[in-house]
Amino acid sequence: MTPRSPSREEWQPVCKMSDLEVERGVAALVHGQSVAIFRVADDEVYALGNHDPFAKASMIARGIVGVRHGVPFVASPAHKHAFDLRTGRCLEDAHVTVPAYAVKVVDGVVLVGHRKAQAA
């Protein structure tokens, strides 16, 4: 029997949904990466890479969550650049993105999966 190798489709449990405060972020180590996880007002959960490319520091989880023109975002606490929670794309500079990760909630547990492909 061969050992099972890690796959892009594996889901890592991170926390209980009830542990997440609405419109607040938390940082977690997921698949060896620092990830910022956010729960928004409609109980949707998003996960982005925690590293702010402008500040060059891991701080996205401490950002301010909001909605701009129907787009849920987190604004970095350092330079206030806003990142789309769905895609990781910077709203002020479309050439800059942070990784966005697949998220699902099963039986009240938040699971983070693979990194989403970058939109063209």
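Starting afresh in each chain, residues are numbered from 1 along the sequence in its written order. Given that the model is predicted, a residue must reach a pLDDT of at least 70 before its local features are reported, and side-chain atom pairs must reach 80 or more before they are shown or counted; all residues, however, enter totals for whole chains, interfaces and linings. The side-chain figures draw on all heavy atoms in the structure; neither hydrogens nor water molecules are used.

**Some details on the sheet that holds strand 8 (residues 71-75)**
Strand pairing in a sheet relies on backbone hydrogen bonds, with the paired strands running either antiparallel or parallel. Taken in spatial order, the 3 strands make up an open sheet running 7-8-9, and their pairing is antiparallel. Either end of the sheet is taken by a strand with one partner, and the two such strands are strand 7 (64-68) and strand 9 (82-84). Across the sheet, the axes of successive neighbouring strands diverge by a mean angle of 35°, strand direction being ignored. Two elements, strand 7 and strand 8, share 5 bridges in a ladder whose sense is antiparallel. The residue of strand 8 that forms the bridge with I64 is A75. For two strands to pair, DSSP has to find at least two bridges joining them. Helix numbers and strand numbers start at the N terminus; a helix is a DSSP run of H or I with at least 4 residues, a strand a run of E with at least 2. Between N-to-C directions, angles span 0 to 180 degrees; the directions come from axes that are lines fitted to C-alpha atoms, helices contributing only their stretch in contact.

**Overview of the pairing of strand 3 (residues 33-39)**
Burial runs high along strand 3: 5 of the 7 residues are buried. Summarising the sheet, strand 2 (residues 24-30) and strand 3 pair through 7 bridges and their orientation is antiparallel. Each bridged residue has a counterpart across the sheet, and for R24 the counterpart in strand 3 is R39. Connecting the antiparallel pair strand 2 and strand 3 is a turn made up of 2 residues, with H31 showing a positive phi of about 50°. By the bridge criterion, 5 bridges tie strand 3 to strand 4 (residues 45-49) in an arrangement that is antiparallel. Note on strand 4: the bridge partner recorded for I37 is A47. Taking the residues that link successive antiparallel strands as the turn, the strand 3-strand 4 hairpin has 5 residues, and the phi of D43 there is positive, at about 65°. Any residue under 20% of the maximum accessible area for its type is buried, any over 50% is exposed, and the rest in between are partly exposed; the area is computed with a 1.4 Å probe on protein chains only.

**Points about the nonpolar core**
Soluble globular proteins tend to bury their nonpolar side chains together. As used in this record, nonpolar core signifies buried Ala, Val, Leu, Ile, Met, Phe, Trp, Tyr and Cys residues forming a set joined through side-chain atoms within 4.5 Å. In terms of nonpolar packing, the biggest core is built from 15 residues, with F38, L48, I60, V65, V74, F83 and L85 touching the most fellow members. Counting only elements with at least two residues in this core, the list comes to strand 3 and strand 4. What makes two residues a contact is simply this: any of their non-hydrogen atoms within 4.5 Å. Apart from residues lying up to four places away in sequence, L85 is in contact with F38, V40, Y46, L48, V65, P72, F73 and V74. In terms of nonpolar packing, the next biggest core, distinct from the first, is built from 12 residues, L20, A28, V45 and V110 among them.

**Structural notes on the confidence of the model for the protein chain**
Segments scoring low in pLDDT should not have their predicted coordinates read at a detailed level. Within a predicted model, pLDDT stands for the predictor's per-residue confidence, ranging from 0 to 100. Put simply, the protein chain has an average pLDDT of 91, and 91% of its residues get 70 or more. Across the protein chain, the secondary-structure element scoring lowest on mean pLDDT is strand 6 (residues 57-58), at 94, and the one scoring highest is strand 4, at 98. Within the model, the stretch residues 1-8 combines pLDDT values under 50 with 4 contacts to residues more than four positions away or in other chains.

**A closer look at the environment of L29**
Summarising the element assignment, L29 is placed in strand 2. Taking relative accessible area as the criterion, L29 reaches 60% and is therefore assigned exposed. Considering only alpha carbons, one finds L29 and V14, 15 residues apart in sequence, at a separation of 8.5 Å. When residues no more than four places from it in sequence are discounted, the contact partners of L29 are Q12 and S34.

**Overview of the pattern of salt bridges**
The salt bridge criterion pairs a side-chain nitrogen of Lys or Arg with a carboxyl oxygen of Asp or Glu, the two atoms within 4 Å. With the rule as written, the count across this model stands at 3 salt bridges. The salt bridge involving R68 is made with E92; its shortest N-O contact spans 3.1 Å. In this pair, R68 sits in strand 7 while E92 sits in the loop between strand 9 and strand 10 (100-106), placing the two residues 24 residues apart along the sequence. The exposure class assigned to R68 is partly exposed, which follows from its relative accessible area of 31%. Between R86 and D84 there is a salt bridge; the shortest N-O distance is 2.9 Å. Looking at R86, the relative accessible area reads 35%, which means it is partly exposed.

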